[in-house]
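So the chains spell out like this:
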Amino acid sequence: MPQDSYDAVVVGAGLAGSACALTLARNGVRVCLCERGAQPGEKSLSGMVLYGRPLAALIPFFWKEAPVERPIVRRRVAVLSRDSELALDLRFEEFNHPPYNYTFSVLRSRFDRWFAKQAADTGATLLTGALVDDLLWEGGKVAGVAIRGGATLKAGVVVSCEGTNAFLAEKAKLRDRPPHRKVAVGVKEVLAMSREVIQERFGLEGNEGIAMEFYGQSVRGLVGSAFLYTNQDSISVGLSCSVESLIAGKIPPAELLAQFKRHPA
Ligand SMILES: Cc1cc2nc3c(=O)[nH]c(=O)nc-3n(C[C@H](O)[C@H](O)[C@H](O)COP(=O)(O)OP(=O)(O)OC[C@H]3O[C@@H](n4cnc5c(N)ncnc54)[C@H](O)[C@@H]3O)c2cc1C
């Protein structure tokens, strides 16, 4: 049951927030994990390949219970010209066996929900649909948070795990808005594809996964790269580019992604 007073409030149930809330709850701290989405992961856009070594330190053998998609056994790094490709294709046989190099493709909508549940099962209170709008201050110290809609939570410690767009931290003047040249924009699509087609098209066996990165004409020579990751029965395709180069290139990210998907190689 949510209360109105905690030892700590963690803002954002992404990877950082759930790891933080889980660690605090394990240490007996009364912690509330606030997530603006209706479910953790709902707002996340990442690709994503999870580099899970730090997670294994928190939850050993996490891959046995977490909703991971495929262990990344192959990596392909390619430079595209207008119609061809120069690629380095690496395969690591040992990554096909536990602990799988701790590296898996994941879908954040599933993974974040599971991770936040680990924190909640350990004793953290998970509040979803809770957009933290502001910090509460008392005597020059942070004393809690205000949630959009009027509710407040008191807490001696507030941890901002808002991700890149840390509006709360910026509003409290704890962080400056990063300049354009330091910010990239990412776009991604998850496309349904049967296991058989994934295996045939990418030369994979069983549950093997591949992570592919593309440079050069994949992003029309802009500062950035495109990616493709195989999931169980879908692929994640996307790209990210610096905001500055997108403005200079005068091309919307969604159009860049559409062009990448049409590349003949
Ligand atoms: C297209 C793309 C592809 C990427 N691919 C990869 C990859 O393959 N591998 C990799 O390691 N990283 C990848 N990243 C980066 C990765 O997404 C981030 O490093 C990671 O998500 C950061 O985790 P986080 O917990 O700090 O923030 P986030 O995952 O962004 O989580 C922040 C959470 O806080 C919530 N939140 C924010 N503000 C509030 C608020 N005021 N109140 C309540 N809740 C709030 C959000 O809804 C969200 O759930 C990718 C990023 C993009 C954009």
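Just above sits the structure.
Here we summarise the structure given alongside this text. In this text the structure is predicted, and so the values were computed from the model without any measurement.

Strand order in the open sheet formed by six strands is β7-β2-β1-β10-β9-β8, with mixed pairing between adjacent strands. The open sheet terminates on both sides in strands that have one partner only, identified here as β7 (125-127) and β8 (132-138). In this sheet, adjacent strand axes meet at a mean angle of 40 degrees when their direction is disregarded. Here six bridges tie strand β1 (residues 5-11) to strand β10 (residues 152-160), and the two strands are oriented parallel to one another. Among the inter-strand pairings, V11 is bridged to a residue of β10, identified as S160.

Let's shift gears to helix α7 (residues 253-261). For α7, every residue scored as buried is listed here: P253, L256, L257 and F260. Down the axis of α7, the buried set is contained in an arc of 100 degrees. They therefore lie on one face. Here the buried face of α7 lies against β4 (68-80), β11 (184-192), β12 (209-216), β13 (224-230), β14 (234-242) and α6 (243-249).

In this structure, I59, F62, V68, F111 and F115 are the most contacted members of the largest nonpolar core, which totals 31 residues. Among the elements of the structure, β1, α1 (15-26), β2 (31-34), α2 (53-58), β6 (103-106) and α3 (108-122) are those that each provide at least two residues to this core. Contacts of F115, omitting those with residues within four sequence positions, involve L15, S18, A19, L22, L55, L58 and I59. Formed by 22 residues, the second largest nonpolar core is a distinct cluster that contains A78, I210, V219 and V237.

Let us now look at the site of the ligand. The ligand sits among 24 residues. The nearest are E35, R36, S46, V49 and R108. Residue V132 places a main-chain N or O atom 3.0 Å away from a nitrogen atom belonging to the ligand. In isolation the ligand exposes 1000 Å². Once the protein is present, 74% of that is buried. The site holding the ligand turns out to be the largest pocket. Looking at the shell around the ligand, the elements with two or more residues in it are α1 and β3 (49-51). Its residues placed into classes, the shell around the ligand shows 13 nonpolar, six polar and five charged.

This next bit is on the layout of surface pockets. As a volume, the largest pocket reaches approximately 1400 Å³. If you trace the largest pocket, you find 49 residues lining it, with R36, E162, G163, T164 and N165 closest to the centre. Those elements giving two or more residues to the lining of the largest pocket turn out to be α1, β3, α3, β8, α4 (167-171), β11, β13 and β14. Per element, the largest residue contribution to the lining of the largest pocket is five residues, and it comes from β11.

So, on to the pairing of β6. Each regular strand carries side chains that alternate between the two faces of the sheet. Both faces of β6 are covered, namely the face carrying T103 and S105 and the face carrying F104 and V106. Across three bridges, β3 lies against β6 in antiparallel orientation. From the neighbouring strand, Y51 faces β6, where its bridge partner is T103.

Thresholds applied
- Residues numbered from 1 in each chain as written.
- Predicted model: local features only at pLDDT ≥ 70, side-chain atom pairs only at ≥ 80, totals over all residues.
- Heavy atoms only, no water.
- Pairing = 2+ DSSP bridges.
- Helix = DSSP H or I, 4+ residues; strand = E, 2+ residues; numbered from the N terminus.
- Axes fitted to C-alpha atoms, helices over the stretch in contact; angles between N-to-C directions.
- Buried < 20%, exposed > 50% of the residue type's maximum accessible area, 1.4 Å probe, protein only.
- Arc of directions from axis to C-beta.
- Contact = heavy atoms within 4.5 Å.
- Core = buried A, V, L, I, M, F, W, Y, C linked by side-chain atoms within 4.5 Å.
- Near = heavy atom within 4 Å.
- Polar contact = N/O pair within 3.5 Å; in protein donor to acceptor, adjacent residues only side chain to side chain.
- Areas by Shrake-Rupley, 256 points an atom, 1.4 Å probe, with all protein chains shown as cover.
- 1 Å grid on protein atoms, 1.4 Å probe; cavity = no way out; pocket = protein on both sides within 12 Å on 5 of 7 lines; lining within 4 Å.
- Sits in = over half its atoms within 2 Å of the grid points.
- Nonpolar A, V, L, I, M, F, W, Y, C, P; charged D, E, K, R; others polar.
- Points joined across faces, edges and corners; volume = space filled by probe spheres on them.

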